[in-house]
Amino acid sequence: MTQFETVTVETDLLICGGGMAACGAAVEASYWAKQHGLKVTLVDKAAMDRSGAVAMGLSAINQYVDLNSGNNTLKDYVDYVRNDLMGITREDLVVSIARHVDSTVHLFEKWGLPIWKDKDGNYVHEGRWQLMINGESYKVIVAEAAKNALKEAKGEYYERVFITHPLVDGDKCVGAIGFSVRENKVYIFKAKATLVAMGGAVHVFKPRSTGEGFGRSWYPPFNSGASAFFTIYGGAEMTCQEVRFIPVRFKDAYGPVGAWFLLFKAMATNAQGGNYMKDNAAELDKWEPYGKVKPAPANIRNWLMMLDVMDGKSPIYMQTADAIKKITDQAADEKEAKKKLKELESEAWEDFLDMTISQAILWAATNVEPDKKPSEIMACDPYFIGSHSGASGAWLSGPEDLQTSETKSEYFWGYPHMTTVSGMFAAGDASGASSHKFSSGSHAEGRIAAKAALSYIVDHPEPPKVDQAMIDGLLKEVLQPLETFEKHKGATTDPDINPNYIRPQQFMYRLQKIMDEYAGGVSSQFKTSDKLLEKGLELMAFLKTDKEHLAAENLHELMRAWENVHRMYQAEAHMRSILFREETRWPGYYFRADKPTMDNTNWLAFCNCVYHKDTGEWDMIKRPVKYITK
Amino acid sequence: MPSFVIPDKCDGCKALDKTACQYICPNDLMVLDKQTMKAFNQDPQMCWECYSCVKICPNQAIEVRGYADFVPMGASVTAMRSSEDIMWTIQFRDRSIKPKRFKFPHRRGVQEGMAQPFDQFPTGDADLKSPTLMSEPAGLNTERGKVKIDKVLTL
Ligand SMILES: Cc1cc2nc3c(=O)[nH]c(=O)nc-3n(C[C@H](O)[C@H](O)[C@H](O)COP(=O)(O)OP(=O)(O)OC[C@H]3O[C@@H](n4cnc5c(N)ncnc54)[C@H](O)[C@@H]3O)c2cc1C
Ligand code: SF4
Ligand code: SF4
């Protein structure tokens, strides 16, 4: 067995992840840590410049509340989020983020992010809450500020260290364990407080493309459920684990549709030219009151489209040519029309090139000129992304000043954005029931949680108690796949086919097959039922025990092994939560065939869960939805 | 094979202490073959076609070939990134369609490496328990706004 060096790092605040939320946390924490003489450490599995969902860049900042203009209030934003999530939302958390997000965006601009401006110097909005940017280097810029902040505060960051498990002492989080994917080193991070910001999860479900395009999921293949696993395994109460997100995007390459719908006002139709939003409007009655709000919730828009798909009326098209014609028709003369067309063309292509370059390749390879013919759109596959239009994540304490007398006992336990585990904070995709924070809101939430974590550290200055026996046990478990491979690799002539072990890729395929077929994946048009879920959980139990036989040939594969263990816990929490919620509430995300209607009397409630790692048992908990707005 | 390396152009980043493509790939896909000193994508099926490796390669040795399972052959999208702009060239499968070229800025006003995290706006109070974040409330305002926010809002 190869020898591994154990590196022990002691710190005050540990930030797990290096994405939008983690970079926000690093900046904010460094500012306050400098004043209080505290140490901040950040750990990312990749290189911060291009890690996480914003690796490629983005073409829009999707949350900007613009409070300073007087056009919008915090309540306007809460109304939008609550309705989009069919009533299930933690208003205190949504407000907590919304009241800070504008300052985050203004910092981005100071750091060099080009935000589009009109001729009067105002930001160009894509929609009411979205700003257009030249965002190719969005993540590079945000990471640069984070790294500079850490440097100024004498903090440190580790890249290419993969976090596997939390370290827990009773009901308190005391750090994390991980390994380097570059050299034979295991890391023990001992911390007084830990902030979880390792993104959401993809490839829990089988993607639509299973050949070379397997990696072209809408959500980046490198976010693999580490946040969910960390919080679940650490004993944190989780929320909205049933609320997956399925975006509708251009078919196959999953390029963004936001600019087309919002900026260019394009319409989507079925193959016959029918407008499914109009034709299927009667369906909206079933999902009242949310079905009737404007804009219609994302999942309801999916659902009306899927009704046409299930009726055999696909392909579904984004009518790009019509939209462009409508805009250029408004031009005064031919010359201006030509100029406008050129402008639109550049904006449309930039939208892809800034954040889904594959879509540009696909358009070029299929000779698409958007002003000449429409392009197909399609629902992608299910993802876990609490920062977008899904809601899965950890259950957090809201800030005290945003509670009412009714919410305080339910939603407040001391430190803003702390999980139910003492000293464990969460932000971005890692935190639940506060959707629609996107890149900017995730950064803002990272900042809020980081400041709260430092105030926790000042109140709890005692050094973390880390049990050596626990570390020894975890070290062995983390490296076991390497040992398993070494021990058994000689048993057969083909290292992939060996009765003694399972390699991470096949393990992932098995997980995806269970989820796809039993938990409402692509192949069943997102439909499932109690019986299917029960059977799926039965098969999942086998997979869980086969985890002991995962084998890895090298450090890269060891990372793949743990990514898939992380995905598996996200998967189980998801199935259990769908089963627990005895209704269908987000028909465009998943449909429970045995409970096909929404039941607001009994289920206008959060479905939460807690995992007990010592027994393997899950507690399912129903918690009331209480609003802080009237 | 989504990202691919042109052997004649790749020099294994000899001049650097680590290979640029391996350093940057968010999914840990780019590795160096120590024998040939050329890089390759070790698991193309897990590639997001994010172009991070393409943009960072000092020798323009990496390109992307669309996913073979759904992208017809013959088109290409290439990127040239300088310190402030990025140039894109889109070649269609049908060569009678004129290739498209776009140039977009990717940062404005701040030199690479110089993003200054603190003191962009004054911070209102020094209380760790208050909801005031670094740079607030001043940073919530813009010159363009109608109202001036003088404390962090509640509902
Ligand atoms: C395709 C797509 C398009 C989007 N478009 C927009 C848009 O136009 N506008 C907008 O505002 N928002 C958009 N979003 C949303 C935005 O990207 C997310 O809200 C935001 O990135 C969430 O931040 P995060 O920090 O939670 O996760 P991420 O930014 O994804 O960061 C996750 C981090 O965790 C690290 N990590 C993961 N696992 C581990 C581990 N085990 N150990 C250590 N580190 C780990 C990763 O390397 C990464 O650094 C889009 C998202 C996607 C996927
Ligand atoms: S960055 Fe370019 S030159 Fe360097 S190893 Fe990779 S492909 Fe070769
Ligand atoms: S395109 Fe992105 S995911 Fe693919 S190898 Fe290059 S850096 Fe990695």
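Quick caveat: nothing in here was measured; it's all calculated off a predicted structure. In this numbering scheme, every chain counts its residues from 1 along its sequence in written order. Lettering for chains starts from A, numbering for ligands starts from 1, and both go in the order in which the items are written. Residue-level local features of this predicted model are given only where pLDDT is at least 70; pairs of side-chain atoms are given and counted only at 80 or more, and the full residue set underlies all totals for whole chains, interfaces and linings. Side-chain metrics rest on all non-hydrogen atoms present in the structure, leaving aside hydrogens and water.

1. Describing the overall build of chain A
Here's step 1: Numbering goes from the N terminus for both helices and strands, where a helix is a DSSP run of H or I of at least four residues and a strand is a run of E of at least two. Helices and strands together make up the secondary structure of chain A, namely 18 helices and 19 strands.
Here's step 2: Note on method: radius of gyration uses C-alpha positions; expected globular size equals 2.2 Å times residues raised to 0.38. Over its C-alpha trace chain A gives a radius of gyration of 24 Å, about what one expects of a compact globule, namely 25 Å for 630 residues.
Here's step 3: Projecting the C-alpha coordinates of chain A onto the three principal axes gives extents of approximately 75 × 60 × 50 Å.
Here's step 4: Relative accessibility under 20% of the residue-type maximum defines a buried residue, over 50% an exposed one, and the middle range a partly exposed one, all with a 1.4 Å probe and only protein chains included. Split into buried and exposed, the 630 residues of chain A put 68% on the buried side.

2. Details of the domain arrangement of chain A
Accessible area lost when the parts come together is the quantity often used to give the size of an interface.
Residues and elements named next belong to chain A.
Here's step 1: An automatic or database domain assignment provides the domain bounds reported here. Domain annotation for chain A reports domain 1 (5-54 + 84-91 + 139-244 + 383-459), domain 2 (248-379) and domain 3 (477-607).
Here's step 2: Placing a centre on the C-alpha atoms of domain 1 and another on those of domain 3 gives a separation of 23 Å.
Here's step 3: When checking whether two residues touch, look at their non-hydrogen atoms; a contact exists if any pair is within 4.5 Å. In this complex, domain 1 contributes 47 residues to the contact, which on the side of domain 3 involves 40 residues.
Here's step 4: Buried area is a sum: the accessible area each of two parts loses on coming together, probed at 1.4 Å, counted once for each and added. Counting the surface lost from both domain 1 and domain 3, the interface buries some 3,800 Å², and carbon and sulfur atoms represent 67% of this.
Here's step 5: For the domain 1 face of the interface with domain 3, the top three residues by lost area are Lys206, Glu242 and Arg244, together amounting to 19%.
Here's step 6: We count a salt bridge whenever a side-chain nitrogen from Lys or Arg sits within 4 Å of a carboxyl oxygen from Asp or Glu. Between domain 1 and domain 3 we count two salt bridges in total.
Here's step 7: N or O atoms within 3.5 Å of each other form a polar contact, as long as, within protein, one can give a hydrogen and the other can take it, and as long as residues adjacent in sequence are counted only when both atoms are side-chain atoms. At the surface where domain 1 touches domain 3, the tally comes to 16 residue pairs in polar contact (both at pLDDT 80 or more).
Here's step 8: Only strand E6 (161-169), strand E7 (172-180), helix H5 (226-233) and strand E9 (238-239) provide two or more residues apiece to the side of domain 1 that touches domain 3.
Here's step 9: With five residues, H5 is the largest single contributor of residues to the side of domain 1 that touches domain 3.
Here's step 10: Classification used: nonpolar for Ala, Val, Leu, Ile, Met, Phe, Trp, Tyr, Cys and Pro, charged for Asp, Glu, Lys and Arg, polar for all others including Gly. In the side of domain 1 that touches domain 3, the residues fall into 27 nonpolar, 12 polar and eight charged.

3. Description of the layout of surface pockets
Here's step 1: Cavity and pocket criteria rest on a 1 Å grid covering protein atoms alone: a 1.4 Å probe that fits but cannot get out defines a cavity, protein on both sides within 12 Å along at least 5 of 7 lines defines an open pocket, and an atom within 4 Å of a point defines a lining residue. Grid points are joined across faces, edges and corners, and a volume is the space filled by probe spheres set on the points. Taken as a whole, the second largest pocket holds about 840 Å³ of empty space.
Here's step 2: In this structure, the second largest pocket is lined by 35 residues; those nearest its centre are Val181, Arg182, Glu183 and Leu555 of chain A together with Gln22 of chain B.
Here's step 3: Looking at the lining of the second largest pocket, the elements that each hand over two or more residues are strand E5 (156-159), helix H14 (468-488) and helix H17 (555-580) of chain A together with helix H1 (20-24) and strand E2 (30-33) of chain B.
Here's step 4: Per element, the largest residue contribution to the lining of the second largest pocket is three residues, and it comes from E2 of chain B.
Here's step 5: Of the residues that constitute the lining of the second largest pocket, the class distribution is 15 nonpolar, nine polar and 11 charged.
Here's step 6: When residues are assigned to domains, the lining of the second largest pocket turns out to be shared by domain 1 (5-54 + 84-91 + 139-244 + 383-459) and domain 3 (477-607) of chain A, each giving three or more.

4. Focus: helix H13 (residues 438-459) of chain A
Every α-helical turn comprises 3.6 residues, leaving residues that sit three or four positions apart pointing alike.
Here's step 1: Between its first and last C-alpha, H13 of chain A extends 31 Å over 22 residues, near the 32 Å set by a 1.5 Å rise per residue.
Here's step 2: Most of H13 of chain A is tucked away, with 20 of its 22 residues classed as buried. Multiplying one less than the number of residues by 1.5 Å gives the expected span of a helix.

5. Looking at the site of ligand 2
Here's step 1: Taken together, 13 residues surround ligand 2, and among them Cys10, Cys13, Cys21, Cys57 and Asn59 of chain B come closest.
Here's step 2: Class assignment of the residues belonging to the shell around ligand 2 gives a composition of nine nonpolar, three polar and one charged. Whether a residue is near a molecule or strand is decided by its heavy atoms; if any one of them lies within 4 Å of it, the residue is near.

6. A closer look at the pairing of strand E7 (residues 100-105) of chain B
Residues and elements named next belong to chain B.
Here's step 1: Only one face of E7 is buried, namely the one carrying Lys100, Phe102 and Phe104, since none of Arg101, Lys103 and Pro105 on the opposite face is buried.
Here's step 2: One ladder, built from six bridges, connects strand E6 (residues 85-91) with E7; its direction is antiparallel. If you follow Met87 over to E7, its bridge partner there is Lys103. In this description, strands pair whenever DSSP reports at least two bridges between them.

7. As for the site of ligand 3
Here's step 1: Ser3, Cys25, Cys47, Cys50 and Cys53 of chain B are the nearest of the 13 residues found near ligand 3.
Here's step 2: The class makeup of the residues in the shell around ligand 3 is nine nonpolar, three polar and one charged.

8. Topic: the nonpolar core
Considering soluble globular proteins, one finds that nonpolar side chains tend to be buried as a cluster.
Here's step 1: Trp260, Leu353 and Ile377 of chain A are the most contacted members of the largest nonpolar core, which has 183 residues in total.
Here's step 2: No other element matches the 12 residues that H17 of chain A contributes to this core.
Here's step 3: The contacts of Leu353 of chain A, once residues within four sequence positions are left out, are Ala360 of chain A together with Val77, Trp88, Ile90, Phe102 and Phe104 of chain B.
Here's step 4: Formed by 58 residues, the second largest nonpolar core is a distinct cluster that contains Val105, Ile133, Met418 and Leu454 of chain A. Nonpolar cores were defined as sets of buried Ala, Val, Leu, Ile, Met, Phe, Trp, Tyr and Cys residues, with membership established by side-chain atoms within 4.5 Å.

9. With respect to the interface of chain A and chain B
Here's step 1: With 108 residues of chain A at the interface, the matching set in chain B holds 87 residues.
Here's step 2: When the two sides are added together, the surface that chain A and chain B hide from each other amounts to roughly 8,300 Å², 60% of it contributed by carbon and sulfur.
Here's step 3: Among the residues of chain A in contact with chain B, Asn68, Glu212 and Ile361 of chain A are the three that bury the most area, contributing 10% of the side total.
Here's step 4: At the junction of chain A with chain B, the criterion picks out seven salt bridges.
Here's step 5: Between chain A and chain B we count 58 residue pairs in polar contact (both at pLDDT 80 or more) in total.
Here's step 6: Among the elements that take part in the side of chain A that touches chain B, helix H3 (residues 91-110) of chain A stands out by supplying nine residues, more than any other.
Here's step 7: Per-class residue counts for the side of chain A that touches chain B are 49 nonpolar, 31 polar and 28 charged.

10. Structural notes on the sheet that holds strand E12 (residues 316-318) of chain A
Residue and element names in this part refer to chain A.
Here's step 1: Taken together, the four strands give an open sheet; going across it, the order is E10-E13-E12-E11, and neighbouring strands pair in antiparallel fashion. The open sheet has two edge strands with one neighbour each: strand E10 (248-250) and strand E11 (268-269).
Here's step 2: By the bridge criterion, three bridges tie E10 to strand E13 (residues 375-379) in an arrangement that is antiparallel. The residue bridging Phe250 from the neighbouring strand is Ile377, located in E13.

11. Looking at the pattern of salt bridges
Here's step 1: The final tally for this structure, using the stated rule, is 51 salt bridges over all chains.
Here's step 2: Between Glu283 of chain A and Lys286 of chain A there is a salt bridge, and its shortest N-O distance comes to 3.0 Å.
Here's step 3: On the basis of relative accessible area, Glu283 of chain A is assigned to the buried category, the value being 13%.
Here's step 4: The salt bridge partner of Asp311 of chain A is Lys313 of chain A, with a shortest N-O separation of 4.0 Å.
Here's step 5: On the basis of relative accessible area, Asp311 of chain A is assigned to the exposed category, the value being 55%.
Here's step 6: Because the salt bridges share partners, they merge into one network encompassing Arg50 and Glu136 of chain A together with Lys55 and Arg81 of chain B.

12. Things to note about the packing of H3 of chain A against H13 of chain A
The relative placement of two packed helices comes down to the angle between their axes together with the axis-to-axis distance.
Residues and elements named next belong to chain A.
Here's step 1: The angle between two axes is taken between their N-to-C directions and runs from 0 to 180 degrees, where each axis is a line fitted to C-alpha atoms and a helix contributes only its stretch in contact. Running from N to C, H3 and H13 point in directions that differ by 105 degrees, and their axes come no closer than 8 Å. Regarding the angle of H3 to H13, the classification is roughly perpendicular. Residue-level inspection shows Ser96, Ile97, His100, Val101, Ser103, Thr104, Val105, Leu107 and Phe108 of H3 in contact with H13, the latter providing Ser440, Gly441, His443, Ala444, Glu445, Arg447 and Ile448.
Here's step 2: Broken down by class, the residue content of the contact of H3 with H13 amounts to seven nonpolar, seven polar and two charged. We call two directions roughly parallel when the angle between them is under 35 degrees, roughly antiparallel when it is over 145, roughly perpendicular when it lies between 65 and 115, and oblique otherwise.

13. Quick notes on unusual backbone geometry
Glycine aside, the phi torsion of most residues is negative, and most peptide linkages are trans.
Here's step 1: Between Lys294 of chain A and the following residue, Pro295 of chain A, the backbone shows a cis peptide bond with an omega angle of -5 degrees.
Here's step 2: By secondary structure assignment, the location of Pro295 of chain A is in the loop between helix H7 (276-279) and helix H8 (298-310).
Here's step 3: A cis amide bond links Ser314 of chain A to the next residue, Pro315 of chain A, at an omega of 0 degrees.
Here's step 4: The backbone phi angle of Tyr51 of chain B is positive, close to 65 degrees, even though this residue is not glycine.
Here's step 5: Mapped onto the elements of the fold, Tyr51 of chain B is located in the loop between strand E3 (38-41) and helix H2 (52-56).

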